[in-house]
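Working through the structure, step by step
Chain by chain, the residues run as shown.
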Amino acid sequence: MSGDSAVGSGSQVALVTGGYDHTIKLWQAHSGVCLRTMQHPDSQVNDLEINPNGQMVAACGYQHIRTYDLASANPDPVMNFENIIKNVSRVGFQENGQWMYTGGEDCTARIWDLRVGRPFQCQRIFEVPAPVNAAVLHPDQSQIMVGGQTGIIHIWDIRTDHHEQLIPEAEASIQDIAIDPEGKLMAAVNNKGNCYVWSLGGSPPRPVPRTKLQAHKKYALRCKFSYDSTMLVTTSGDWSARVWRTSDWSLMRELRHDSQRWVWDAAFTLDSRYLFTGSSDSYARLWDLEKGTLEREYCGHQKSITALAFRDQAV
């Protein structure tokens, strides 16, 4: 591929993967070299998120939320969050890194204040009727969308504590929710392989149904928008990642590899030209979206890669 610059080679570049082998790996994205292996004992990794300054990665799993220092050689977590039960499904950061949010199988979304002393305590709890699979913060920092196993999306206004419900498909478990960087589109995928898309407008933003895609014939796992908002990727248990154009919701690319099996997670590069995927065959892969070609493989995990995060520029 023409340029290693497309996936960056500077100090702020970080490709991080985690999975069922209880490890988290930091990769040199442009070469495929594993720079470091961090320990994530007692649990698989359900989600990874790099904080806004690119110095730290948060990992969540069974009864654990941990953060790791990407700038040091320390293989152990630098922070552990206490008193957690069941699986934590999602983790994310407020835009300035002042607080972190999580969603989990204890039927809650939580906000953790990172400005106060350790041990870090949960500052706010939003309770829902079912285990939480998905949680995402709106770019304007006003709402957290929380998706549960009964098919309800809860819109939690964190400024007023007001909340509303959205039910795109009854009794179909919401597996993931994404909002585009401009805050104008929201997508959600479910365990039937369907993807629902809404327009977001107003203040606070309110969803208006836009389209429904039969994205996959089997279980959908993840959805994410590209940084330029022109593409949406969905991943699935049907062994594929599919990239959709947001202009007309047509299929742009289907990314498949003979051995990859379930595709658990994906991340776009900042220039929206490339996509990383992580799969059940223990490989992460880099795809050229314009050509539809596999550019690089990242080999080192012993079991399924279930989460990945990529950052190629410090905010």
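The structure under discussion appears in the preceding block.
If you're wondering where the values come from, they're calculated on a predicted model, not measured in any experiment. (Residues numbered from 1 in each chain as written. Predicted model: local features only at pLDDT ≥ 70, side-chain atom pairs only at ≥ 80, totals over all residues. Heavy atoms only, no water.)

1. Topic: the overall build of the chain
- Scanning the chain from N- to C-terminus turns up zero helices and 28 strands.
- Taking 20 Å as the expected radius of gyration for a compact globule of 315 residues, we find that the chain reaches 18 Å, a close match to that expectation.
- Overall, the C-alpha framework of the chain stretches about 50 × 45 × 30 Å when taken along its three principal axes.
- Looking at the chain as a whole, 59% of its 315 residues qualify as buried.
- Expressed as a percentage of contacts within the chain between residues at least 6 apart in sequence, the contacts between residues at least 24 apart total 44%.
- When the accessible surface of the chain is split by element, carbon and sulfur atoms take 45% of a total near 12800 Å².
- Distance between charge centres in the chain, computed from 30 positive and 35 negative side chains, equals 3 Å. (Helix = DSSP H or I, 4+ residues; strand = E, 2+ residues; numbered from the N terminus. Rg over C-alpha atoms; globule rule 2.2 N^0.38 Å. Buried < 20%, exposed > 50% of the residue type's maximum accessible area, 1.4 Å probe, protein only. Contact = heavy atoms within 4.5 Å. Areas by Shrake-Rupley, 256 points an atom, 1.4 Å probe, with all protein chains shown as cover. Lys, Arg positive; Asp, Glu negative; His and termini not counted. Charge placed at Lys NZ, Arg CZ, Asp CG, Glu CD.)

2. Brief notes about the sheet that holds strand E2 (residues 23-28)
- Spatially, the four strands line up as an open sheet ordered E3-E2-E1-E28, and their pairing is antiparallel. Where the open sheet ends on each side, the last strands, each with one partner, are strand E3 (33-39) and strand E28 (305-311). Ignoring strand direction, the axes of neighbouring strands in this sheet form an average angle of 20 degrees.
- Across six bridges, E2 lies against E3 in antiparallel orientation. Within E3, the residue paired with Gln-28 across the bridge is Val-33. (Pairing = 2+ DSSP bridges. Axes fitted to C-alpha atoms, helices over the stretch in contact; angles between N-to-C directions.)

3. Quick word on the environment of His-216
- Along the chain, His-216 falls in the loop between strand E19 (206-214) and strand E20 (220-225).
- Residue His-216 is classed as buried on the basis of its relative accessible area, which comes to 0%.
- For the pair His-216 and Ser-247, spaced 31 residues apart in the sequence, the C-alpha separation amounts to 20 Å.
- Discounting chain neighbours no more than four positions away, the residues touching His-216 are Lys-192, Gly-193, Thr-234, Thr-235, Ser-236, Asp-238, Ser-240 and Arg-242.
- A polar atom in the side chain of His-216 sits 2.9 Å from the side chain of Asp-238. (Polar contact = N/O pair within 3.5 Å; in protein donor to acceptor, adjacent residues only side chain to side chain.)

4. Observations concerning the pairing of strand E15 (residues 163-166)
- With four bridges joining them, strand E14 (residues 153-157) and E15 adopt antiparallel strand pairing. Bridge pairing in E15 links Ile-153 to Leu-166.
- The loop that links E14 with its antiparallel partner E15 comprises five residues; one of these, Asp-161, has a positive phi angle of about 70 degrees.

5. Overview of the packing of aromatic side chains
- Following the criterion strictly, the structure yields nine aromatic pairs and no others.
- With 5.4 Å between their ring centres and 75 degrees between their planes, Phe-81 and Trp-112 make a pair best called edge-to-face. Separated by 31 residues along the polypeptide, Phe-81 in the loop between strand E7 (79-80) and strand E8 (88-93) and Trp-112 in strand E10 (residues 108-113) bring together distant segments of the chain.
- For Phe-81, a relative accessible area of 5% gives the class buried.
- The exposure class of Trp-112 is buried, given its relative accessible area of 2%.
- In textbook terms, an aromatic cluster arises when at least three aromatic residues are bridged by ring pairs, as seen for Tyr-20, Tyr-219, Trp-262 and Trp-264. (Phe/Tyr/Trp six-rings, centres within 6.5 Å; stacked < 30°, edge-to-face > 60°.)

6. Topic: a nonpolar patch on the surface
- Residues Tyr-219, Trp-239 and Trp-262 make up a contiguous nonpolar surface patch of roughly 270 Å² in combined accessible area.
- In this structure, Trp-262 sits in the loop between strand E23 (251-256) and strand E24 (263-268).
- Given a relative accessible area of 30%, Trp-262 falls into the partly exposed group. (Patch = residues over 30% accessible without salt bridge, like charges linked within 9 Å, V, L, I, M, F, W, Y side chains within 5 Å. Salt bridge = Lys/Arg side-chain N within 4 Å of Asp/Glu carboxyl O.)

The values reported here are purely geometric and, on their own, carry no functional implication.
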